[in-house]
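# Observations on the three-dimensional arrangement
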Amino acid sequence: MDSRLEQHFTRRRFLELTRSGIGAAALATLFGEDILAQGQAGIDGPLPGLPHFAPKAKRVIYLFQSGAPSQHELWDYKPRLEELRGTDLPPSVRGNQRLTTMTAAQQSFPIVPSMFKFAQHGDSRAWVSELMPHTAKIADDLCFIKSMHTEAINHDPGITFFQTGAQLAGRPSIGAWLSYGLGSMNNDLPTFVAMVSMGSGQVGQPLYDRLWGSGFLPTKFQGVKFLSTGDPVLYLSNPSGVDDSTRRRFLDDLEKLKKKNTATRKRALGSRNTKWPIGCKARSPSSPTCPTNRTASSSCMARTHEGLAHSHATAFWPGGSPSATCDLSNFSIVDGTSTPDCRAESNAKPRMSTRHRRHSCKT
Amino acid sequence: MLTFRRSFVLITGLGLILCRSVLPAAAASQEPEPALEYNRDIRPMLVHTCFGCHGQNDASRQADLRLDTPDFLESHVVSGDASASLLFDRLVTGDDVMRMPPVSTRQSLSAEQIATVRRWIEDGAAWGDEPAESSTDVATRVVDFEREVRPLLSQNCFSCHGPDEQARQRGLRLDTQDGALADRDHFGGPVLVPGRAEDSLLFQRIVAEDNRVRMPRGDDRLTEDEVETIRLWIDQGAEWVSHWAFIPPERQAVPVVADTEWTRNPIDNFVLAQLEREGLVPAPETDRATLLRRVTLDLTGLPPSPADVASFLNDDAPDAYEKAVDGLLGSQRYGERMAVEWLDASRYADTNGYQTDGERSMWRWRDWVINAYNDNMPFDQFTIEQLAGDMLPNPTLDQRIATAFNRNHSQNGEGGIVVEEFLNAYAVDRVETTSTVWMGLTLGCARCHDHKFDPLTQKEFYEVLANFNNIPERGKAFKYVNSPPLITAPTADQQAELDELDTRLTEARQAFADLSDRTIREQVAWEQSLGASSRIDWALRDNLLARFRLDGDLAGEHVGDAVRSSLEDGVPQFVDGRVGAAASFDGQRFINGGTSPNLGYDDPFTLSAWIYPRAKDGVIVSRARGGDQGEVGWGLYLEDGKVRLSLSTRTLDDGVAAETTDDIRLNVWQHVVATYDGSKAPGGMRVYLDGESQTLVPLLDLVGNRLPQREPLRIGASGSDKPRFDGHIDDVRVYGAVLTAAQAAVVATPESISEIATSAPEQRTTAQADKLRMCFLDQYALPDILEAWRAVNTLEDERDALWDSFPTVMVMEEMAERRETFRLLRGAYDNPGEPVTPNVPAILPPLPVNEEKNRLTLARWLVDPNHPLTARVTVNRFWQMYFGTGIVKTAENFGTQGEYPSHPELLDWLATSFIDSGWDVKSIQRAIVTSATYRQASQVTPGVYEADPENRRLARGPRLRLPAQTIRDQALAVSGLLVEKIGGPSVKPYQPEGLWADMVEGGYGDYEESKGDGLWRRSLYTFWKRTLGPPTMMTFDSSTRETCIVRTGRTNTPLQALNLMNDVTYVEAARRVAERMMTEGGETPEERVAYAYQLATARRVGTEAQAVLVDGFHHHLDRYQSDRMAALSLVSLGEYPRDETLDVAELASYTMVANLILNLDGTITKE
């Protein structure tokens, strides 16, 4: 087994993967699966147990040549078209297909065969037209599937159908399905990437993000489009004049500033019995004492709750019990704002009162 | 364990019972009632009102008091003495705060019940037998039909047993009360037996074990909890209410709360009442700086300046905040901020969408929206004008511009589309948008079939659509620029300019008219001076672009210059023409007239010539070639005897063409004039034969692409293989304007000036008289008359040019003859069912009977005070703006699948207040932001956050990442780059190169950044391309504007971080902030860092953070001092010139610090 996988495979990982711990593991053995063989793929797969088999394909490269000549000029030799040249498209072929406005006004719909010559190539005797001389040489390495058909009559619905299986937009693209079903061997790079380019003719059919979209699958399965000019992912590169070390320092500083945030809050949490006002279930709030040592500008409203005589009272106001911290002071996101830090350490006991009064100390 | 007291009670109780049983006879006359026992007599009363907080549920227990176990007897009851019993005291105390149940639960015991409790205590407070296991206690929960049961039914049952008639199984519907109370007879009896779940068919089916019988079908069994909910519901009486959103809101009484000092306005009462019910308390008010920043960002989309913050902090007045709010509401920035949400809802964009996604111009409507908010236009007027402003009596320009709201949808100009399909698509979009924005209804779900969940039928969908299906629009839109119907919409400034020009024009006309007597006299004199021998002629030369006299010479004139022409495929031949000589054609040869000025689909022009046709087919004049689908270019043709004017890229489906209905006469000289007004429609074409207007039939009305211009002008032929002219042609002219009928008649007048002048005036035709007059005024009048005449003409041309330069905007108009609307079977455009007429869904109040059913009536109906939805939906979205989540979370769906409001009374109070205030938008904003609820601190601990991540309980202030537009606007404002100019066309700020080229159809070109101010306008004005929205906006979750969006998500992705770090927008802003740091922020790095921090967050930087930033600065400084080239390139980014007096290394270092500050959480978040 891949040693990389082994490293990652702590018991916790196992449980995470299987989600329901023992049960799923038992189930897996029932199916004869080797959970471990899933490796990382199971992590990104949406359901534990996908894929059902070890994927063989490591990569899928799908070249979508939008706007190529039709298959009748390239791969799909139709000798009978020559016989039918100039005759009208038979109803048996046209069927109920509606016509686009581009052709609807035509008086007739004459058949025209390709003007390019076809020949057979390789041992497989595959038909390839004269337009593809180089590809013809590797005909034996290619698989030509000639059973495809479509109902779309225009570019956009046709392309959408190619990529998503439906003419109407909204379904996941083929890449999204593969990403969903086969997963990925790593977590660091996108699983599904789309790269678009403009041909030398400088005329392309527009290709839309939905052609590599995730449809109703979670958006993490959508294709990440790498742009063909500039940064493949927008804004990936540092601006000129900012090198890696400068950016590294920037990120480190940002991290430090963020840690400050969390630390400030954690201090509030670290104290025992500290309860944020919202969490408390007071039915009859008692009066707080308003601290007299407030400075600077801030609004402080200490709220407490009391239980009945025999219940534990958790109070927090400045000067409250040693286990209390005045959470209200921690308004600082990045520590130290205009609100002073009330973290007095006195031992005053909470007081019970039957009268409710709220003080607001706005200074 | 029996305590003394308890045993005493027990013995006493027993004693009493014994007494009673021993002395039955004695009690005959006044049969004393048996002593009350707690479990039998008191407990059932208290179960519903008390056990929620004092029952077995540990999590919800208050004050550690249980009333379901006997312990309380010791602490709260003095046997025999009710007034000494704390329990009783709590029931009767006059203290609102102490009394049980709490006021805010709105529950209470009746007087009788309290008397019973008293009696029980005085009877000795007997505990009694232990109650049976389950029964009373377990039913602590009263099931709420609206919140719990209907959503269950909707989710699990309605698709087969709901409003959709076609999908309905076995004729059972559970979405109406009638359906649910039906007796199903042979199916098994009544669906619901109120009070008895076990006997109810519905319940039996959901618990049935047999797969064939159990509901819902398939694998979707109801969970145990869900089954329990249904059971409780039925047992508790199977209460039924109509879906809450279809019942008009009631004016709510403001609830009484315990903490009256906290509340500032009724909003707070509603919020606090709910909190008190749950035993929660609101958070304290946040600090003033944070509050000011929060409200400034919310109301204007821009941060407060340090001066704003300082003045607010120093203002001690009790209403300082309210004054600040009023100031913000009065600012022009408010309208810009509000407009952003509305633009998202109305799917505003600067391009058409679909494949080509060509440009359109709708910014005049955006102006209208901004102004409407700033003028605080009442919402009902706002609604009516946007939906039907054109139908108001004598609509003003602004009212018509307003209707652009419903033309904001995508329009398809692709070649080959089926026109009917897209006419339908546009109307459908209008229905979906209107229903989402005003009614919060997913009417779009009823496009192909009846709605599966809400009582909306497919027929009703099309009845609503009929209101929006009557405008004279093209299914195939123009690819570029606006498609009809549209109007010219000058801005106020432009209108002023026009008015001034009109004044001058009137004066000029007057001046000329004053000279009319003299003019006539002098003309007569001139006429007489023309002897018969002089052969003077004259040709109309205004706007003449090219002229080929063909008087024995091939040469042409091209705006005055001679044009070299040549004859091809033959030898030149001239004959006598109607006027002088003429060129002769034999169906082979033609004249190549060189390159004449380009004429395209948007250009008005006129073609005129004398023709003597010998055949029914022939090209008169053209600039065209043959394409694989017919002519490519423009031309005037004889086609089978008809005169045809055509401009086409593809004759089948891309161009505009019309031809005469009557045949032309052969072998006769006649004059032909063809005009085209640049409107891309055959209706803009005219043909005159010998000065008489001809009836035309339109041939092609599908302009899409541009008109290619590569061919030379040809007389007598086209570049294609169309038959060449056989006959004679003379005096070919191309004018760059549309000739009027009078002018066309003049051009068609062959008689020379001399000839006309010497004829008797009364024998002259109108055209001849006109020709004479025009000639005179053009060339022969005395200077002052000439000047006066030219002044009029010049001013008229100026006015036309000015008018043409004005922006247009697409609007709604009604067709005189209503387009028929049909219910489309399965929603297919080509499968019409029965016709329908405009109407509204039956579940909502009906339209007024005495009004015509149309778009205007619908608009008024939406804002009728009885409409249950509009006000609620609107105030909900306002709420969402401030708190991140609406009172109804699903702002786009108030139907049965949507979410129940978290605070239904508050919602109704807001909605009715909104209506009562006259739909005053600013006053609602003011009420929300001045409430104590809004002002709460937003800090939260992980435990609290976990309990209420979306702040639905509103027990804290809103803390949200800023919307995309605000993040960019803030960076611009803070850096001083922001250019504040209200309204106007969209601009193009920075965007990575090549994005559009990657996407768009070839030939459309790439994104061209604005120069100067356009780079730094508010994001509201950023050019919006539907298929490729501005990346900065998209990365921060802006809607794509392809469809109506009223609720966006808030994501958190690395792309956002990359954007803020590396986008030149923010790097340049950081550099400008750095310049401010160095020039305004003090001397030391500490001061400067603090200054920048203050600019970005409105707060003082903490010492530790400051240390980190300063440390970073020094680190960067070291580096940049040794690499000044790098420093220079960093500070040169962006178009705004850097301050060259500042040292580049320092500037670069401060730029990195500022870059960091602009990336902070605290900067991009509304705290």
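Residues numbered from 1 in each chain as written. Chains lettered and ligands numbered in written order. Predicted model: local features only at pLDDT ≥ 70, side-chain atom pairs only at ≥ 80, totals over all residues. Heavy atoms only, no water.

### A short note on the overall build of chain B
Spelled out, the test is: Strands are runs of DSSP state E lasting at least two residues, helices are runs of H or I lasting at least four, and both sets are numbered from the N terminus onward. The size measure is the radius of gyration over C-alpha atoms, and the globule rule it meets is 2.2 Å times the number of residues to the 0.38 power. A simple rule labels every residue: compare its accessible area, found with a 1.4 Å probe on the protein chains alone, to the largest value its type can have, and call it buried under 20%, exposed over 50%, or partly exposed in between. Between two residues, a contact is recorded if the distance between any of their heavy atoms is within 4.5 Å. For the area figures, the Shrake-Rupley method with a 1.4 Å probe applies, and any residue is considered shielded solely by the protein chains shown. Only four residue types enter the charge count, namely Lys and Arg as positive and Asp and Glu as negative; His and the chain termini do not. For the purpose of locating charges, the reference atoms are NZ of Lys, CZ of Arg, CG of Asp and CD of Glu.
Tallying secondary structure elements over chain B gives 43 helices and 24 strands in all. Here the C-alpha radius of gyration of chain B, 41 Å, is well above what a compact globule of 1167 residues would show, namely 32 Å. Out of the 1167 residues in chain B, the part that is buried amounts to 56%. For chain B, contacts bridging at least 24 residues in sequence account for 70% of all contacts bridging at least 6. With an accessible surface of roughly 47100 Å², chain B has 50% of that area assigned to carbon and sulfur atoms. A gap of 2 Å separates the mean positions of the 119 positive and 178 negative side-chain charges of chain B.

### A word on the overall build of chain A
Secondary structure summary: chain A contains 13 helices and six strands in total. For chain A, with 363 residues in total, the buried portion stands at 37%. Partitioning the intrachain contacts of chain A with sequence separation of at least 6 by distance along the chain shows that 63% fall at a separation of at least 24. Total accessible area computed for chain A in this model is approximately 22100 Å², and 56% of it derives from carbon and sulfur atoms.

### Looking at the pairing of strand β2 (residues 544-548) of chain B
Residues and elements named next belong to chain B. To keep things clear, this is the line we draw: Being paired, for any two strands, means DSSP has found at least two bridges between them.
Counting buried positions along β2 yields five of five residues, so the element is predominantly enclosed. Examined bridge by bridge, β2 and strand β19 (residues 726-735) share four bridges and lie antiparallel to one another. Each residue of the ladder has a partner; that of Ala546, found in β19, is Val734. Pairing between β2 and strand β3 (residues 556-558): two bridges, direction antiparallel. Looking at the pairing, Arg547 lines up with Glu557 of β3.

### Focus on a negative patch on the surface
All names here are of chain B. Short version of the rule: Only residues whose relative accessible area exceeds 30% and that form no salt bridge enter a patch; like-charged residues are grouped when within 9 Å of one another, and nonpolar side chains (Val, Leu, Ile, Met, Phe, Trp, Tyr) when within 5 Å. We count a salt bridge whenever a side-chain nitrogen from Lys or Arg sits within 4 Å of a carboxyl oxygen from Asp or Glu.
On the surface, Asp542, Asp797, Asp800 and Asp804 cluster together to form a negatively charged patch. With respect to the helices and strands, the residue Asp542 is situated in the loop between α23 (516-529) and β2. Judged by its relative accessible area of 38%, Asp542 is partly exposed.

### Quick look at the pairing of strand β11 (residues 630-639) of chain B
Residues and elements named next belong to chain B. Judged by how many residues are buried, β11 sits mostly within the fold: nine of ten residues are covered. Of the strand pairs in this sheet, strand β10 (residues 618-627) and β11 are connected by nine bridges, and their pairing is antiparallel. Each residue of the ladder has a partner; that of Arg625, found in β11, is Val632. Between the antiparallel neighbours β10 and β11 lie two residues.

### Section: the packing of helix α16 (residues 332-345) of chain B against helix α29 (residues 870-883) of chain B
All names here are of chain B. To keep things clear, this is the line we draw: For every element, the axis is a line fit to its C-alpha atoms; helices are fit only across the contacting stretch, and the angle between N-to-C directions ranges from 0 to 180 degrees. The handedness criterion is simple: a crossing whose near helix is rotated anticlockwise from the far helix by less than a right angle is left-handed, and one whose near helix is rotated clockwise is right-handed.
Orientation of α16 relative to α29, taken along the N-to-C sense of each, is 115 degrees, at an axis distance of 12 Å. Two packed elements cross with a definite hand, and for α16 against α29 that hand is right-handed. Residues Arg337, Met338, Glu341 and Trp342 of α16 form the contact with α29, whose participating residues are Arg877, Phe878 and Met881.

### Quick word on the pattern of salt bridges
All names here are of chain B. Taken as a whole, this structure holds 84 salt bridges over all chains when the rule is applied. Salt-bridge contacts for Arg549 lead to Glu557; the nearest nitrogen and oxygen are separated by 3.1 Å. Exposure remark for Arg549: the relative accessible area of 38% places this residue in the partly exposed category. Linking Asp663 and Lys616 is a salt bridge whose minimum nitrogen-to-oxygen distance equals 3.8 Å. Here the residue Asp663 occupies a position in the loop between β13 (654-660) and β14 (670-676), and Lys616 occupies one in the loop between β9 (605-613) and β10, the gap between them amounting to 47 residues.

### Observations regarding the nonpolar core
To keep it simple, the criterion reads: Throughout, nonpolar core names a set of buried Ala, Val, Leu, Ile, Met, Phe, Trp, Tyr and Cys residues whose side chains join them through atoms within 4.5 Å.
Residues Trp342 and Trp365 of chain B are the most contacted members of the largest nonpolar core, which totals 119 residues. In this structure Trp342 of chain B touches Trp365, Val369, Tyr373, Phe379, Phe382, Gln386, Phe405, Val437, Trp438 and Arg877 of chain B, once residues within four positions along its chain are discounted. Core analysis: the next-biggest nonpolar cluster, separate from the first, contains 68 residues, Phe250 of chain A together with Leu1058, Ala1069 and Ala1105 of chain B among them.

### A short note on the environment of Gln236 of chain B
Residue and element names in this part refer to chain B. Quick note on the threshold: For the purposes of these results, a polar contact is taken to be a pair of N or O atoms within 3.5 Å, where, inside protein, one atom must be able to donate a hydrogen and its partner to accept one; residues adjacent in sequence count only when each atom of the pair is a side-chain atom.
Position of Gln236 relative to the elements: it lies in the loop between α11 (224-235) and α12 (266-278). Judged by relative accessible area, Gln236 falls into the partly exposed class, the value being 33%. When the C-alpha atoms of Gln236 and Gly195 are compared, they prove to be 5.6 Å apart, with 41 residues separating the residues in sequence. Contact partners of Gln236, with chain neighbours within four places excluded, come to Arg141, Val142 and Val143. Among the polar contacts made by the side chain of Gln236, one reaches the main-chain amide nitrogen of Val143 at a distance of 2.9 Å.

### Describing the confidence of the model for chain A
Residue and element names in this part refer to chain A. Cut-off, in case you're wondering: The quantity known as pLDDT measures the predictor's confidence residue by residue, on a range of 0 to 100.
Summarising the model, chain A shows a mean pLDDT of 64, and 55% of its residues fall at 70 or more. Long-range and interchain partners of residues 1-46, a stretch whose pLDDT sits below 50, account for 41 contacts in this model, where long-range means more than four residues apart. A low-confidence stretch, residues 265-363 (pLDDT under 50), is modelled with 203 contacts involving residues beyond four sequence positions or located in other chains.

### Side note on the sheet that holds strand β17 (residues 696-701) of chain B
In spatial order, the strands read β5-β8-β18-β10-β11-β12-β13-β17 (chain B); together these eight strands make up an open sheet with antiparallel pairing. The open sheet has two edge strands with one neighbour each: β5 (566-568) and β17 of chain B.

### Digging into the confidence of the model for chain B
Residues and elements named next belong to chain B. In this model, chain B carries an average pLDDT of 90, and 95% of its residues clear a pLDDT of 70 or more. With pLDDT under 50 throughout, residues 18-29 is counted as low confidence; its partners more than four residues away or in other chains account for five contacts. Below pLDDT 50 for its whole length, residues 134-139 participates in nine contacts with residues either more than four positions away or in separate chains. Confidence metrics for the complex model read pTM 0.76 and ipTM 0.76.

### Section: the packing of aromatic side chains
Residue and element names in this part refer to chain B. Quick note on the threshold: Note on aromatic pairs: the rings of Phe, Tyr and Trp (six-membered ring only in Trp) are paired at centre separations within 6.5 Å, and the planes decide the class, stacked below 30 degrees, edge-to-face beyond 60, tilted for the rest. By definition here, charges over rings are those cases where NZ of Lys or CZ of Arg is within 6 Å of the ring centre and within 35 degrees of the ring normal.
Applying the stated rule across the entire model yields 50 aromatic pairs over all chains. Ring centres 4.4 Å apart and planes at 20 degrees place the aromatic pair Trp879 and Phe883 in the stacked group. Taken together, the residues span about one helical turn, with Trp879 and Phe883 both in helix α29 at a distance of four residues. No difference in accessibility class separates Trp879 from Phe883, as the two residues are buried. Feature note: the residues Trp342, Tyr348, Trp365, Trp368, Tyr373, Phe379, Phe382, Phe405, Trp438, Phe878, Phe914 and Trp919 constitute an aromatic cluster, connected by ring pairs. Positioned above the aromatic ring of Tyr1021 is the side chain of Arg1017, whose terminal nitrogen or guanidinium carbon lies 4.3 Å from the ring centre. Residue placement shows Lys1025 over the ring face of Trp996; its charged tip is 5.1 Å from the ring centre.

### Side note on unusual backbone geometry
Residue and element names in this part refer to chain B. Here the residue pair Met100 and Pro101 is connected by a cis peptide bond, since its omega of -15 degrees sits within 30 degrees of zero. Structurally, the position occupied by Pro101 is in the loop between α4 (86-92) and α5 (111-122). For Asp640, which is not a glycine, the phi torsion comes out positive at approximately 55 degrees. Assignment of secondary structure puts Asp640 in the loop between β11 and β12 (642-650). We classify Asp640 as partly exposed; its relative accessible area is 47%. Even without being glycine, Asp1037 reaches a positive phi, approximately 75 degrees. Looking at the secondary structure, you find Asp1037 in the loop between α36 (1031-1035) and α37 (1054-1062).

### Looking at helix α18 (residues 379-388) of chain B
Counting buried positions along α18 of chain B yields eight of ten residues, so the element is predominantly enclosed. Taken as a whole, α18 of chain B has its buried residues at Phe379, Phe382, Thr383, Ile384, Glu385, Gln386, Leu387 and Ala388 of chain B.

### Focus on the environment of Gly67 of chain A
Residue and element names in this part refer to chain A. Counting through the fold element by element, Gly67 comes out in the loop between α5 (41-44) and α6 (71-74). Classification of Gly67 by relative accessible area gives exposed; the value is 64%. For the pair formed by Gly67 and His155, sequence separation is 88 residues and the distance between their alpha carbons is 8.6 Å.

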